[in-house]
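Architecture and fold: a report
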Amino acid sequence: WVCIYVIGAFDGTGGSTITHTFGAFFGAACTAVATPKGAENDPDCCGRYQSDIFSLFGSLMIWAYYPSYNSFYAPSNAQQAVAINTYLALLGSSVSGLLASALFTGDIKLSIFDAQRSSIAGGVAIGSVANLTAEPWEAIVIGAVGGVACSWAGHYMRVFCVGRLKVHDTVGVMSMHGWPGLIGWIAGVIKLIPLNLDYITGDRKSKNLAYILPWENILQHQMGNGDAAIAQAVIAPMTIAIALVTGLVAGAVSKKVTHLDLELLFKDDTFFHIPDDFQKAVDEEHIPDQEGDEDGYANGHANGHANGGTKMIANGSKGGDLAV
């Protein structure tokens, strides 16, 4: 409400800033207060091979249907263009994100973390300008930058936030939504810089785009002569500030209302009825195959946490592989 109706900015139909960036920073601030210290070291706070592979189906579904999210609120004459731009951005982030993953892992191997998130980051990054982007290459570039930003944040910023800021991002929301959302914000500022009254009321609006946009409805204050770019530049700091304040308040309130002990986190039986053989399967998964394998398991488990919980580690000299 503040960014769109008070400031008069334009954040596109996908809301890269006011939706994705806000949610990421709100969650980071909330978890900084509400999450017990040491949660990131819990042995159950990691992925499993089966769940990681199964989650790729969810990523595929989001990838296929993400254009409908960006185009739903677009003007009717621009919805097709928004969907195409979103698909192009998703293609760009899928390729660039996995290329970056191979570089950032250090051994030219892909990370399942990047496959799950970087492939979707392009849809987040294009959200601010999906119905402003006229050229296909622009959509691909914006998506590609968003994919690289997502992979970089997952490998470096996530470790920094846990180690230095003590902010535990369990599923990498900052990587997928926060940083690509900021890429979309920057793209929005760049695309709105040349916007003037000629685009809003003159003939250039039909020559610049393959479709005519109702600028008087998109830009709440009908700004021109560079004012729209200034308004767009303001909304990211405004959004982050509101998100951090409200996130801290929400985290403090939730911590007062209810508090989970550290040993109860990441345990299914805290909130769900579980099968009788569930605990046995968990115990068997955590028990090393040989008595002499404890050191190998511990070292591999630590390495698995250091790499974001996405690599397969060998459980001892003979043992089967554990996914952590």
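Residues numbered from 1 in each chain as written. Predicted model: local features only at pLDDT ≥ 70, side-chain atom pairs only at ≥ 80, totals over all residues. Heavy atoms only, no water.

**Examining the overall build of the protein chain**
Along the protein chain, the regular secondary structure elements total 13 helices and two strands. Of all 324 residues assigned to the protein chain, the portion counted as buried reaches 46%. In the protein chain, once contacts between residues fewer than 6 apart in sequence are set aside, the share between residues at least 24 apart is 76%. Here the protein chain has roughly 16700 Å² of accessible surface; of this, 65% comes from carbon and sulfur atoms. (Helix = DSSP H or I, 4+ residues; strand = E, 2+ residues; numbered from the N terminus. Buried < 20%, exposed > 50% of the residue type's maximum accessible area, 1.4 Å probe, protein only. Contact = heavy atoms within 4.5 Å. Areas by Shrake-Rupley, 256 points an atom, 1.4 Å probe, with all protein chains shown as cover.)

**What about helix H11 (residues 227-257)?**
Here H11 is 31 residues long and its end C-alpha atoms lie 45 Å apart, about the 45 Å a rise of 1.5 Å per residue gives. Where H11 is concerned, the buried positions are Ala228, Ala229, Ala231, Gln232, Ile235, Ala236, Thr239, Ile240, Ala243, Gly247 and Gly251. Among the structural elements, helix H1 (2-6), helix H2 (16-34) and helix H7 (173-192) are those in contact with the buried residues of H11. (Expected span 1.5 Å × (residues − 1).)

**Concerning the nonpolar core**
The biggest cluster of nonpolar side chains holds 19 residues, and the ones touching the most others in it are Ile126, Val129, Leu132, Ile142 and Leu192. Where this core is concerned, the elements lending two or more residues are helix H4 (79-104), helix H6 (136-163), H7 and H11. Discounting residues that sit within four places of it in the chain, isoleucine 142 has contacts with Ala125, Ile126, Val129, Thr133, Ile183 and Ala187. (Core = buried A, V, L, I, M, F, W, Y, C linked by side-chain atoms within 4.5 Å.)

**Focus: unusual backbone geometry**
Non-glycine residue isoleucine 108 carries a positive phi angle of around 55 degrees. Mapped onto the fold, isoleucine 108 is located in the loop between H4 and helix H5 (112-125).

**Some details on the environment of valine 129**
Within the secondary structure layout, valine 129 lies in the loop between H5 and H6. Of the residues examined, valine 129 reaches a relative accessible area of 0% and is grouped as buried. It is 8.9 Å that separates the C-alpha atoms of valine 129 and serine 16, two residues lying 113 residues apart in sequence. In this view, valine 129 contacts Ile142, Ala187, Gly188 and Lys191; residues no more than four positions away in its chain are not counted.

**Comments concerning a nonpolar patch on the surface**
Taken together, the side chains of Phe57, Leu60, Met61 and Tyr65 present a nonpolar region at the surface, about 440 Å² in accessible area. For phenylalanine 57, the position within the fold is in helix H3 (residues 49-71). (Patch = residues over 30% accessible without salt bridge, like charges linked within 9 Å, V, L, I, M, F, W, Y side chains within 5 Å. Salt bridge = Lys/Arg side-chain N within 4 Å of Asp/Glu carboxyl O.)

**Re the packing of aromatic side chains**
Given two aromatic rings, their pairing is described by the distance between the two centres and the angle made by the two planes. Counting across every chain of the model gives six aromatic pairs. Considering the side-chain rings of phenylalanine 22 and phenylalanine 26, the 5.8 Å spacing of their centres and the 25 degrees angle between planes classify their relative orientation as stacked. One end of the pair, phenylalanine 22, and the other, phenylalanine 26, are both in helix H2, four residues apart, so they sit about a helical turn from each other. The class for phenylalanine 22 is partly exposed, based on a relative accessible area of 27%. The class for phenylalanine 26 is partly exposed, based on a relative accessible area of 27%. Centroid distance phenylalanine 104 to tyrosine 156: 5.4 Å. Interplanar angle 85 degrees. Geometry classified as edge-to-face. Taken together, the residues span a long stretch of sequence, with phenylalanine 104 in helix H4 and tyrosine 156 in helix H6 at a distance of 52 residues. On the basis of relative accessible area, phenylalanine 104 is assigned to the partly exposed category, the value being 24%. The exposure class assigned to tyrosine 156 is partly exposed, which follows from its relative accessible area of 42%. (Phe/Tyr/Trp six-rings, centres within 6.5 Å; stacked < 30°, edge-to-face > 60°.)

**Points about the packing of H2 against H11**
Interhelical geometry of H2 versus H11 gives an angle of 35 degrees and a closest axis separation of 7 Å. Crossing of H2 over H11 shows right-handed handedness. Residue classes in the contact of H2 with H11 are distributed as 17 nonpolar, seven polar and one charged. (Axes fitted to C-alpha atoms, helices over the stretch in contact; angles between N-to-C directions. Left-handed = near helix turned anticlockwise from the far one by under 90°. Nonpolar A, V, L, I, M, F, W, Y, C, P; charged D, E, K, R; others polar.)

**Points about the packing of H6 against H7**
The relative placement of two packed helices is expressed as an angle between their axes plus a distance between the axes. Following both chains from N to C, one finds H6 and H7 inclined at 145 degrees, their axes separated by 8 Å at the closest point. In this structure, the crossing between H6 and H7 has a hand that is right-handed. Note on element contacts: H7 touches H6 through Ser175, Met176, Trp179, Pro180, Ile183, Ala187 and Lys191, opposite Glu138, Ile142, Val145, Gly146, Ala149, Cys150, Trp152, Ala153, Gly154 and Met157. When its residues are assigned to classes, the contact of H6 with H7 shows 12 nonpolar, three polar and two charged.

**Notes on the pattern of salt bridges**
Close approach of charged atoms allows side chains with opposite charge to pair. Evaluated as defined, the whole model comprises one salt bridge. As a salt-bridge pair, lysine 191 and glutamate 138 come within 3.4 Å of each other at their nearest N and O atoms. With a gap of 53 residues between them, lysine 191 in helix H7 and glutamate 138 in helix H6 connect regions that are remote in the sequence. A relative accessible area of 26% means that lysine 191 is categorised as partly exposed.

**Thoughts on the confidence of the model for the protein chain**
Mean pLDDT over the protein chain works out to 77, with 75% of the residues at or above the 70 mark. Ignoring residues within four places in sequence, the model shows residues 288-324, a span with pLDDT below 50, making 59 contacts including any to other chains. (pLDDT = per-residue confidence, 0-100.)

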